[in-house]
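# Understanding the architecture of this molecule
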Amino acid sequence: MCHTCGEKGNRPGTPPRPAGNPLLRYSIRSRGASGSSHSRSSVPRLHSLTHHLQASNTQATQRRVKPATACDHHRALVTTFLAIVNTLHPENDILGAPITEEEIRAGLELKVTSPEEDPTSMSGYFQGDIMIDTRDHLAQILMGDPVGQYSATSNRQLLWPGGKIYYVISSSYTSSERQIIARAMTELSQKTCLSFVPRTSQRDYIHILRGQGCSSAVGKVGGGQSLSLGSGCVHVGVVIHELMHAVGFWHEQSRYDRDSFVTIRWENIMYGLGFNFDKKSNAVTTNLGLPYDYGSIMHYGPNAFSRGTGPTIVPKQSGVFIGQREKLSQNDVKGINLLYQCSGPQPTTVPPTSACKDNSQHCAAWASVGYCGSKYMNTNCRKSCNACESTGCRDEAQFCADWAAKGECQRNPLFMKEKCRRSCNACGTSSCRDNAVHCASWASQGECERNPGYMKEECGKSCGVC
C-alpha cells in the first residue's frame, strides 16, 4: 500500500482505481438526460488525463519499468485539476448589473428544458464540477482525510448566515441567459428560505462568471468564490445544480447508505476514475434524516464515467430515473430548509427605502453603460439614474421611448401600457397592481408600515392603497 496516496489492491476484473474516500464526485456521464450517447471526445480534459495515464503504463511496460501507480494518478489529478482552476481570472471580469425584477418575471415565463448532455460532466474540474482551490485540500480529499471532506451538513462554517447568498454577476451574459439564471435563483428562493442578494461590500459572496465549463465550490468557503456558468451551462436545472453546491450540498449517490438503493457497476467505469464513486462516511456528513432521493437534481446519471460498456449506476428500484437536470425535487427542498433550519421561503430581497441614494458602489458605472430603466436600477441606483423624484408613473423597460416612437403603443397595447406607461401616455389608466414580485410577502411582514415610501408606490395592491 502507498502510505502517501492510499494505494490499495484493485477490485477483481476492474481497472485500477485510486483508493480513499473522496467526498466530492464528478457528474460526468456518457449519456445526457435524454439518454443519448456522446463520444469520449466531448470531455477532452478528462480523457486527456486518462489517456495520459494509460499511455504512461503502456510505455512503462515496453521499457520494462514500473507502471504508473495510484500515487502517480493522484499527483496527476492534483496537477491537472489545479491547472484548470488557475484558468479562472475573476479579477479581470467586468461586472454587470444585478438580476432585475423584469428578468425575474421573464424567467418565470420560460419553458424549462433539460440539456441534451449534462454539461457539468464536461468541465474538467475535480469530479466534474467541483472547484477545489488549494493543493492541500485536494490532496486531503484524494487521500480520504476527513478534514477535507466535511459538508455543510456537518460543518456549519460552510453555511451562508441567514441563508443570504450575496452575489455579483458578469456582464458577459445575454439577456436570455440572465433570465435563465434569474429563474434558477427564483426556484430556490420561492421554495426555500435562501435568498440571493446583490453584493455591495460584503466579504463573502459568489461571483457568477462565464468560466471554463460549469463549476462551483461547495458551501461558503470565504471571500469571493467563483461559480462558473460557461458554454452550455446556462440551463435552469444546471444553474440550480451549481447553486446547490454553493449552498453546501454534494452529489446524492455518495451517501454512505447508497448501496441499499443503487448498484455501482465498477467494471463499466472509465480507467482510473472509480474513486468518484466512493462513498462518504457518516462521520463527515449526514443525510439530514431524508430518504435516498433518486429524483434529486444532485444525483449522477446512469452512465456517469461509463467506458461505453454499459451503465455505471443502476437503481435497485425499477421505473425510476436518475440524473434529472430540470428542477428541485421535494427532498432537495426539504434538505435545504433542514440544513438552514427554516420552514420555507422568505422575501428574496429587502424592499428598498425611498431615500435618494445609491445602494451599490457600482451604480454609477452601471448607469454609464445604459442599465438605468430596469426595476433594480430605479430602486437601488436612484441617484445615478436620476430617479429620485418618482411620480409613480414611469417606464419599466429600457427601450420604451424607442418602441413608442415606432407605434408599438398601438400595435402591442397590452404589453406597452403595462411596461411603458409614461411613453404611451397611459399613466391615468393603470389598474391597481404590484410592481415587484415579492410585494405580498413583504406586506405580510409589515413592510407597508415600516417602509411606506417604497411600498405604497411599488406594492399598492398588497398594501391596499389603490
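- The name that an unreviewed UniProt entry assigns to the protein chain is Metalloendopeptidase, with the source organism given as Scylla paramamosain.
- Listed under Function (unreviewed entry) in UniProt, the entry text for the protein chain is "Metalloprotease."

## As for the pattern of salt bridges
- One pass over the full model with this rule turns up 11 salt bridges.
- Arg 325 is the partner of Asp 118 in a salt bridge, and the nearest nitrogen-oxygen pair spans 3.2 Å. Remark: Arg 325 occurs in the loop between strand E7 (313-315) and helix H7 (330-339) and Asp 118 occurs in the loop between helix H3 (101-108) and helix H4 (135-142); sequence separation between them is 207 residues.
- When salt bridges with common partners are traced through the structure, they connect Arg 183, Glu 187 and Lys 191 into a single cluster.

## Observations regarding the nonpolar core
- Among the nonpolar cores identified, the biggest contains 40 residues, and Ile 181, Ile 206, Ile 208, Leu 229, Leu 243, Met 244 and Tyr 340 are the most heavily contacted of them.
- Those elements that provide at least two residues to this core are strand E1 (164-169), helix H5 (175-191), strand E3 (205-209), strand E5 (224-229), helix H6 (236-247) and H7.
- The element best represented in this core is H6, accounting for 8 residues.
- In contact with Ile 208, other than residues within four places in its own chain, are Tyr 167, Val 168, Ile 169, Ser 170, Tyr 173, Ile 181, Met 185, Leu 227 and Leu 229.
- By size, the runner-up hydrophobic cluster in this structure holds 15 residues, among which are Trp 266, Phe 275, Phe 277 and Ile 313.

## Focus on the state of the cysteines
- The tally for this structure, following the rule as stated, stands at 4 disulfides.
- At a sulfur-sulfur separation of 1.7 Å, the disulfide partner of Cys 193 is Cys 342. Across the S-S bond linking Cys 193 and Cys 342, the dihedral sits near -65°, which makes this disulfide left-handed. Taken as a pair, Cys 193 in the loop between H5 and strand E2 (195-198) and Cys 342 in the loop between H7 and helix H8 (363-368) lie far apart in primary sequence, 149 residues in all.
- Put simply, Cys 448 and Cys 463 are joined by a disulfide, and their sulfur atoms are 1.9 Å apart. Note on the Cys 448 and Cys 463 pair: the S-S dihedral is about -85°, so by sign convention the disulfide is left-handed. On the criterion of sequence distance, the pair formed by Cys 448 in helix H14 (residues 447-450) and Cys 463 in helix H16 (residues 460-463) is long-range, its members being 15 residues apart. For the pair shown, Cys 448 and Cys 463 are each scored as buried.

## Side note on the packing of H5 against H6
- The interhelical angle for the contact between H5 and H6, taken along N-to-C directions, is 55°, at an axis separation of 8 Å. Overall, the two elements H5 and H6 adopt an arrangement that is oblique. Crossing hand, H5 versus H6: right-handed. From H5, Ile 180, Ile 181, Arg 183, Ala 184, Met 185, Glu 187 and Leu 188 reach across to H6, where they touch Val 236, Val 239, Ile 240, Leu 243 and Met 244.
- Split by residue class, the contact of H5 with H6 holds 10 nonpolar, no polar and 2 charged.

## As for the pairing of E3
- The element E3 is extensively covered by neighbouring structure, given that 5 of its 5 residues are classed as buried.
- Sheet topology note: the E1/E3 ladder contains 3 bridges and is parallel. The residue bridging Ile 169 from the neighbouring strand is Ile 208, located in E3.
- Sheet topology places E3 next to E5; 5 bridges connect them, and they run parallel. In the sheet register, Leu 209 faces E5, and the bridge partner there is Ser 228.

## Things to note about H6
- Under the 1.5 Å per step criterion, the end-to-end length of H6 is 16 Å for 12 residues, consistent within 8% with the ideal 16 Å.
- Counting buried positions along H6 yields 12 of 12 residues, so the element is predominantly enclosed.
- Buried within H6 are the following residues: Val 236, Gly 237, Val 238, Val 239, Ile 240, His 241, Glu 242, Leu 243, Met 244, His 245, Ala 246 and Val 247.

## Quick notes on the sheet that holds E1
- Taken together, the 5 strands give an open sheet; going across it, the order is E2-E1-E3-E5-E4, and neighbouring strands pair in mixed fashion. Edge positions in the open sheet fall to E2 and strand E4 (214-216), since each of these has one partner strand only. On average, each strand axis in the sheet is inclined to that of its neighbour by 35°, with strand direction left out of account.
- Sitting on the sheet, H5 touches E1, E2, E3 and E5, and the angle it makes with E1 is about 175°.

## What about the UniProt feature "active site" (unreviewed entry) in the protein chain?
- Residues annotated in UniProt with the feature "active site" (unreviewed entry) correspond here to Glu 242.
- Tracing the sequence through the fold places Glu 242 in helix H6.

## Observations concerning the side chain of Glu 103
- When you line up the elements, Glu 103 lands in helix H3.
- Once residues within four sequence positions are removed from consideration, Glu 103 is found in contact with Pro 98, Arg 178, Gln 179 and Ala 182.

## As for the side chain of Ser 228
- Tracing the backbone through its elements, the reader meets Ser 228 in strand E5.
- Within the local environment of Ser 228, its side chain forms a polar contact with the backbone oxygen of Gly 213, the two atoms lying 2.5 Å apart.
- The contacts of Ser 228, once residues within four sequence positions are left out, are Leu 209, Arg 210, Gly 211, Gln 212, Gly 213, Cys 214 and Ser 215.

## Notes on the confidence of the model for the protein chain
- Scored by pLDDT, the protein chain has a mean of 74; 65% of the residues are at 70 or more.
- Within the model, the stretch residues 1-68 combines pLDDT values under 50 with 174 contacts to residues more than four positions away or in other chains.

## Notes on the packing of H3 against H5
- In contact at an axis separation of 8 Å, H3 and H5 are set at 85° when each is read in the N-to-C sense. In terms of orientation, H3 and H5 fall into the roughly perpendicular class. Between H3, through Glu 103, Ile 104, Ala 106, Gly 107 and Leu 108, and H5, the contact on the second element is made entirely by Arg 178, Gln 179, Ala 182, Arg 183, Thr 186 and Gln 190.
- When its residues are assigned to classes, the contact of H3 with H5 shows 4 nonpolar, 4 polar and 3 charged.

## Section: the pairing of E1
- Burial within E1 is extensive, with 5 of its 6 residues counted as buried.
- Here E1 runs beside E2; their pairing, made up of 4 bridges, is parallel. Considered in E2, the bridge of Ile 165 is made with Phe 196.
- Since E1 and E2 lie parallel, the crossover through H5 that links them has a hand, and here it is right-handed.

Cut-offs used in this document
Residues numbered from 1 in each chain as written. Predicted model: local features only at pLDDT ≥ 70, side-chain atom pairs only at ≥ 80, totals over all residues. Heavy atoms only, no water. UniProt positions renumbered as here; feature names shortened; annotations may be inferred. Salt bridge = Lys/Arg side-chain N within 4 Å of Asp/Glu carboxyl O. Helix = DSSP H or I, 4+ residues; strand = E, 2+ residues; numbered from the N terminus. Core = buried A, V, L, I, M, F, W, Y, C linked by side-chain atoms within 4.5 Å. Buried < 20%, exposed > 50% of the residue type's maximum accessible area, 1.4 Å probe, protein only. Contact = heavy atoms within 4.5 Å. Disulfide = S-S within 2.5 Å. Axes fitted to C-alpha atoms, helices over the stretch in contact; angles between N-to-C directions. Parallel < 35°, antiparallel > 145°, perpendicular 65-115°, else oblique. Left-handed = near helix turned anticlockwise from the far one by under 90°. Nonpolar A, V, L, I, M, F, W, Y, C, P; charged D, E, K, R; others polar. Pairing = 2+ DSSP bridges. Expected span 1.5 Å × (residues − 1). Polar contact = N/O pair within 3.5 Å; in protein donor to acceptor, adjacent residues only side chain to side chain. pLDDT = per-residue confidence, 0-100. Right-handed = clockwise from strand over helix to strand, strands pointing away.

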